[in-house]
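Listed below are the residues making up each chain.
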Amino acid sequence: MSALTKPLFAGSKAEEQEDPKEHLMHDRMPRGEMNSMMLDSMHSTTWKYWTVTGVLAAIVATCLFYAWYYLIMNGLGVAGVNRPVYWGIFLVEVVFWIGISHAGTFISAILRVLKVEGRRPFTRAAELMTTFGLVQAGISVFLHMGRVWLSYWLIPIPNERGLWPDFHSPLMWDFMAINTYLLCSTMYLFLPLIPDLAMARDRATGWRKTLYKILAIGFRGTEGEWKNLKTAMNIFAFAIIPVMFSVHTIVSWDFAMATRPGWSSTVFGPYFVIGALHSGMAAVAIVLFLIRSTMKNMKYFLRPEHFELLGMLMLLVSMAWAYFYFNDYLVPWYGGDKWEKILTNFIQTGPEWYLWYLMLFCNVVVPWAILWNRKWRRIPWLLAIVGFLINVGMWLERFIIIPETLTINRMPFTWRLYVPAIEIALTIGNFAFFFLLYMLASRLIPLIPVWEVQEGQESHVLRKIGKARISAVSEID
Amino acid sequence: MSDSTMLLALFEDIEPAANGIERLHEMGIADDQMNVISGVPIKDTILGRPSALSHVSRIALTGAILGFLLGAFLIWGTPYLFPLHVGGQPLYPVPQFLIIVFEMTMLGLMGFAFLGMFVDSGFPSYTPKEYVREISDGKIAVLFRCPSGEERKIVDALKKLGAESVNPAEARQL
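Computed from a predicted model, the values in this text were never measured in an experiment.

Draft legend 1. Geometry of the overall build of chain B. If you tally the helices and strands in chain B, you get five helices and six strands. Here the C-alpha radius of gyration of chain B, 25 Å, is well above what a compact globule of 174 residues would show, namely 16 Å. Dimensions of chain B, computed from C-alpha atoms along their principal axes, come out at roughly 80 × 30 × 30 Å. Out of the 174 residues in chain B, the part that is buried amounts to 47%. Long-range contacts, defined here as pairs at least 24 residues apart, represent 80% of the contacts in chain B between residues at least 6 apart. Of the accessible surface of chain B, which amounts to about 8,600 Å², a share of 61% is contributed by carbon and sulfur atoms. Here chain B holds 13 positive side-chain charges and 19 negative ones, and the gap between their average locations is 3 Å.

The following block contains the structure:
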């Protein structure tokens, strides 16, 4: 009698064995060469780069700054916000961009704490998204304010008018949390950047030399400097995680603290956090694809394995989002409250019904249908498309939560469909500004943390176990 | 210290650098007379060096305490000056206290960790320093002070262990 009841595998041995060089950590390269590759990618600017930058700058100038000027000169009447929808796309943008900003912290801090080695080459690209995303969120708040020149009233300064910010209000918590997050994430972006700025300083000439010399703050890489830097980075990695959770939880409380149908939900905090991660991770996939396909030498640093890791995280987060969304949907539906029922019917069968179905398609169907497959996860352009669709879905989710939900309240005589006006131009301007900042940053700061990549390569070895060579990691720092 | 010379030995890899440091110890150069400069962080035990002292954690903790106090002042202290009665809520609520104090504590913790890194490392500093560009290309430099007259012996010993170069350290503009 045969010992085997059925064949164990159908593929060939050659297919099974992966070339270790496919992994960045095992495809070692001298540090000097990696530095040159990084700097080369920063210094090379083609006409295509300047054309795209110019177009983005023109869009920002007209759609954002001119439209904003027009809004200020004519008042919020030129926007679509009106009774009962006072929170329109401006607030959708705030929530959306804060969500995008969560990716940097998640990838850089959580994956750093968990020692996920695959994070190394793309932490900075994600951290930059955090800072630039928060800049867009801040701009959107100012746009929403209308009389933006009075924004200093939010700052607690004793004054003759007797105005004082109410620290008991969720909007004030929001102000505190977003500012804390913006300041801390900017510092967290800068810390691991210092050694790379020192590397750039050592090679640069002209105005770049002066710039990097100032920014590198005199870093050489002595034992004491590394110790202080690593200690500070560790503190940030652990401390910024709860701050990240608090920010979007507090954003959700802006809605959940109001006793209105569609908003008053105890699950809103974690639901918002997971939604933020959903859009943030997806945005990282888009940005990594763009960096990889438009910048020189990036194919060495950003490989299919990194997209695979990102794809797995996106799938996981998509499942978690679906779980929270179902929770948030089921309980009011089961409760049978009259106004909740009307609102649910309005969202699913009202004049904008297609937005709800498109949201579910983009946030659940697309990632689940594609990201389960390892081969597909490793295709950068496919992951970027999935990322784009997820962001469409997440933007729609925020649109449904804010203006659509505000349309239906307990006073039917006020119901009115929200039709955005100048907000559309400002939204285009917001997106263009994000990409413009990214384009400029890509030529000024090393988007790949080269020292972290080298550190990873130093600590990875291939161990021979039986017939196979297995990757092993040891801590050298 | 006119009776000593500052030398900078450059190594290609961790292994020869660790051996070089061990040899320097054997030749009577104390740990406080040397420093390792590298393009990546290397655990002190790998190089056989004592752990570098850092005050960043303590400074960060001080920041956290200050942040806590600032948060407590904002949520519980300011209502004395500007009492705002909203929605039947107490003037000194606990849940809101936790939120504001949490944000301020974390801001203090991280803000001071950032500043602490600067203060403890002496940043920013734009004065000339002993440094060579090859360090950011992955080389490991051992900067040490050796008694005058013993340079030749030490240079030979380090070169035998794989040092690429051992030269008098020059402070230069970074």
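Draft legend 2. Expanded view of the side chain of B:Thr105. Note that B:Thr105 resides in helix α4 (residues 94–121). Residues in contact with B:Thr105, not counting those within four places in the same chain, are B:Ala64, B:Gly67 and B:Phe68.

Draft legend 3. Quick peek at the interface of chain A and chain B. Between chain A and chain B, the contact holds 61 residues from the first and 64 residues from the second. Both sides of the chain A and chain B interface together cover about 5,400 Å² of buried area, and 67% of this is carbon and sulfur. Three residues, A:His168, A:Arg220 and A:Glu223, lead the burial of chain A against chain B; their summed loss comes to 15% of the area buried on that side. Counting across the chain A and chain B interface gives three salt bridges.

Draft legend 4. Quick look at the sheet that holds strand β1 (residues 4–11) of chain B. All names here are of chain B. On the basis of which strands lie adjacent, the open sheet formed by four strands has the order β2-β4-β1-β5 and antiparallel pairing. Edge positions in the sheet fall to β2 (34–38) and β5 (165–168), since each of these pairs with one other strand and no more. Averaged over all adjacent pairs, the angle separating strand axes in this sheet is 25 degrees, with direction ignored.

Draft legend 5. Highlighting the pattern of salt bridges. Taken as a whole, this structure holds 24 salt bridges over all chains when the rule is applied. A salt bridge links A:Arg201 to A:Asp202, with the shortest nitrogen-to-oxygen separation between them at 3.1 Å. Given a relative accessible area of 0%, A:Arg201 falls into the buried group. One salt bridge connects B:Arg49 with A:Glu223, and the closest N-O pair in it is separated by 2.6 Å.

Cut-offs and rules
Residues numbered from 1 in each chain as written. Chains lettered and ligands numbered in written order. Predicted model: local features only at pLDDT ≥ 70, side-chain atom pairs only at ≥ 80, totals over all residues. Heavy atoms only, no water. Helix = DSSP H or I, 4+ residues; strand = E, 2+ residues; numbered from the N terminus. Rg over C-alpha atoms; globule rule 2.2 N^0.38 Å. Buried < 20%, exposed > 50% of the residue type's maximum accessible area, 1.4 Å probe, protein only. Contact = heavy atoms within 4.5 Å. Areas by Shrake-Rupley, 256 points an atom, 1.4 Å probe, with all protein chains shown as cover. Lys, Arg positive; Asp, Glu negative; His and termini not counted. Charge placed at Lys NZ, Arg CZ, Asp CG, Glu CD. Buried area = accessible area lost by both parts, 1.4 Å probe. Salt bridge = Lys/Arg side-chain N within 4 Å of Asp/Glu carboxyl O. Pairing = 2+ DSSP bridges. Axes fitted to C-alpha atoms, helices over the stretch in contact; angles between N-to-C directions.

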